[in-house]
Amino acid sequence: MKKKLLSALLSAAMVASLLVGCGAKQEAAAPAPAAEEKTEAAADEAPAETAEAASDEQITITIWHQSVADTDPVKKIIEESVTEYHELHPNITIEQDGVEGEQYKTKIKTAFAAGEAPDLSYMWAGSFVKPFVDAGYLLPIDEYMNPDIKAKVLPGMLDGSTFDGKIYSYPTITFLADLYCNKEQFDAAGAKIPETWDELLEAVDKLKAAGYNPIMMGEKDLWPGMYWMDIIAARTASNAAINAAFADPTKFNAPEFVMAAEKLQELVKAGGFNENMLSTSYTEMVEGFCAGQGAMLYQANWVHPAIMDDAAATKGKVVCVPFPEIPGGKGNVSEFSGGTSDGYYVNAATEHPKEVVEYLEYLSEKIGTLGFQMGAGLACWDTSETDLSALTNLDQESAALMEKGTSYIGWWDNVLSAEDSDTYKQLVAEVMALKITPEEFAEKMSKLSPSELVQ
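Here the structure is a predicted model, which means the values were calculated and not measured. Positions within a chain are numbered from 1, following the residues in the order the chain's sequence is written. Only residues with pLDDT of 70 or above have their local features reported here, since the model is predicted, and side-chain atom pairs are shown and tallied only from 80 upward, although totals for entire chains, interfaces and linings are computed over all residues. In computing side-chain properties, one takes all heavy atoms of the structure into account and sets aside hydrogens as well as water.

(A) Region of the structure containing the packing of aromatic side chains. Here a Phe, Tyr or Trp ring, Trp counted by its six-membered ring, pairs with any other such ring whose centre lies within 6.5 Å, and the pair is stacked when the planes are under 30 degrees apart, edge-to-face when over 60, and tilted otherwise. Counted under the stated rule, the structure contains 32 aromatic pairs. Consider the rings of F132 and Y137, whose centres lie 6.4 Å apart with planes at 55°: the pair is tilted. Categorising residues by exposure relies on relative accessible area from a 1.4 Å probe, with only protein chains included: less than 20% of the type maximum marks a residue as buried, more than 50% marks it as exposed, and the intermediate range marks it as partly exposed. Residue classification places Y137 among the partly exposed positions, given a relative accessible area of 31%. Aromatic pair F175 and W302: ring centres 4.7 Å apart, planes at 70°, arrangement edge-to-face. With F175 in strand β6 (residues 173-182) and W302 in the loop between β7 (296-300) and α13 (304-307), this residue pair connects regions lying 127 residues apart in the sequence. Taken together, Y104, F112, Y122, W124, F128, F132, Y137 and Y344 form an aromatic cluster joined through their ring pairs. Against the face of W124 rests K105, its NZ or CZ located 4.9 Å from the ring centre. Whether a charge lies above a ring is judged from NZ of Lys or CZ of Arg, which has to be within 6 Å of the ring centre and within 35 degrees of the ring normal. Its guanidinium or amino end placed over the ring of W64, K107 lies 4.3 Å from that ring's centre, counting from NZ or CZ. Strands here are runs of E lasting at least two residues and helices are runs of H or I lasting at least four, both read from the DSSP assignment and numbered beginning at the N terminus.

(B) Seen up close, the side chain of N91. Along the chain, N91 falls in the loop between α3 (73-88) and β2 (92-98). Judged by its relative accessible area of 12%, N91 falls in the buried class.

(C) Representation of helix α12 (residues 282-290). Within the sequence span of α12, burial applies to Y282, M285, V286, G288, F289 and C290. Throughout, a residue-residue contact means that at least one pair of heavy atoms, one from each residue, lies within 4.5 Å. Tucked inside the fold, the buried residues of α12 contact β6, α9 (223-236), β7, α13 and β8 (318-321). Following α12 by one or two positions, G292 adopts a phi angle in the positive range, close to 85°.

(D) Molecular detail of the packing of α9 against helix α17 (residues 418-432). To get an axis, fit a line to the C-alpha atoms, keeping to the stretch in contact for a helix; angles then go from 0 to 180 degrees between the N-to-C directions. Relative to each other, α9 and α17 sit at 80°, their axes nearing to 9 Å. Relative to α17, α9 is oriented roughly perpendicular. Together, W223, G225, M226, M229 and D230 of α9 and Y424, K425, V428, V431 and M432 of α17 make up the contact between the two elements. A breakdown of the residues in the contact of α9 with α17 according to their chemical character gives seven nonpolar, one polar and two charged. What sets the label is the angle itself: under 35 degrees gives roughly parallel, over 145 gives roughly antiparallel, 65 to 115 gives roughly perpendicular, and the rest give oblique. Charged means Asp, Glu, Lys or Arg here, nonpolar means Ala, Val, Leu, Ile, Met, Phe, Trp, Tyr, Cys or Pro, and polar covers whatever is left, Gly included.

(E) Just the sheet that holds strand β10 (residues 343-346), in detail. Note on pairing: DSSP must find at least two bridges between two strands before they are called paired. With mixed pairing, four strands are arranged side by side in an open sheet as β2-β1-β3-β10. Every interior strand has two partners, whereas the edge strands, β2 and β10, have only one. Each strand of the sheet is rotated relative to its neighbour by a mean of 25°, with strand direction disregarded. Bridge count for strand β3 (residues 120-123) against β10 is four bridges, and the pairing is antiparallel. For Y122, the partnering residue across the bridge sits in β10 and is Y344.

(F) The arrangement of the environment of L201 in detail. Along the chain, L201 falls in helix α8 (residues 197-209). Separated by 70 residues in sequence, L201 and G271 have C-alpha atoms that sit 9.6 Å apart.

(G) Here's a closer look at α9. A helix is expected to span 1.5 Å multiplied by its residue count minus one. Taking 1.5 Å per residue, 14 residues should reach 20 Å; α9 reaches 20 Å between its end C-alpha atoms and fits that length. Counting buried residues in α9 gives 14 out of 14 residues, a clear majority hidden from the surface.

(H) Spatial organisation of unusual backbone geometry. Non-glycine residue D164 carries a positive phi angle of around 55°. Mapped onto the elements, D164 comes out in the loop between β4 (162-163) and β5 (166-167). According to the relative accessible area criterion, D164 is exposed, its value standing at 79%. With phi around 60°, L434 is a residue other than glycine that occupies positive phi space. One can find L434 in the loop between α17 and α18 (438-445).

(I) Representation of the pairing of β7 within the structure. Counting buried positions over the five residues of β7 gives five, a clear majority of the element. Bridge analysis of β6 against β7 gives five bridges, and the strand direction is antiparallel. Each bridged residue has a counterpart across the sheet, and for Y180 the counterpart in β7 is L297.

Take it as geometry only, folks, not as evidence of what the structure does.
As structure tokens, this is what we get:
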């Protein structure tokens, strides 16, 4: 029942038609060639011999990624795939290299510009990958895709890697941002798990009074603070209004977006975040929360393995809830940040496109099923044959929230252009540092360019 429920709820969260693979054609056996046809028949056999010889060619496939944390199940899956794939294909060697998020972004951009990129590259969805597509750096994989494997992808999940009608990658897992609350600390402080903004502020006061840091934040890397502005704006403005502003940024200069910045500053002024938030990295933020240094964390569900790690002080103590509603706001708690899937993309200059796509299919499905099974994210693939008994309470709670979702917006830095994404994240950091007013934030956001990813 659990398998059926989780598969059904994940499918219900996506929209589109499932692509069904074509069956292999049956060919009737041909009669033996006549004597005069033997020369032609021998010629026909030559390509087969050449293909067989080619299959023994020693091939090395390089892949770069950003799954480097020991608590990240994808790191283990990629490492295992290197050995397993070589055992299945002795002539193919996989070489993998991982670098953490922000460093990875710089590394991959530099590599493509210099013509030194690997065969396969991890890419964030949306506006991060699109410039690489537009520059012709990446290979459309339609002609290489195995229809039987393609048919295992859940409805709509190929949309994020499709540009101008061409498919460039397979999905792996998808993510949803949730509010994580350390119930042990909430109970000790006599605080209620917040369902409204006022309850969130009340919880901050009670947690502080009891000696706890209310919210763990790592704004040194900029994007963690962006997640807070993303979801607060979803509550004050609604996802529909956010999409409209992506298409026409002048709409950011409106009361509901001023209100979003006001609410974020209200939380800062109330002492909601750790005092060193501007010098704390994402990794330090997650590690700090898992060590019990914060009662709340707003992040995507890729943090589940770290929170539930045997060595974590948070194991078995954390609940996953939707971000609180904001009275007077135009959004509601069924609107979420997330729902997109990142993936691995093929270098257009690869010498072995067929072999690289075959490994891409193998790895993507492996991450999509085992990654979901291990709590790395929500499924983009058919998991009806996957043992889901090991899913934690956080995995199940996050999946249940996704089932109730009415709309999803990807992370704003994946929707805005790369340049505008940097501007937006910097503006959020200035809001959190109380360096600009909410009105200045909204006015500067109105100067951004329309997103090419929103119609």
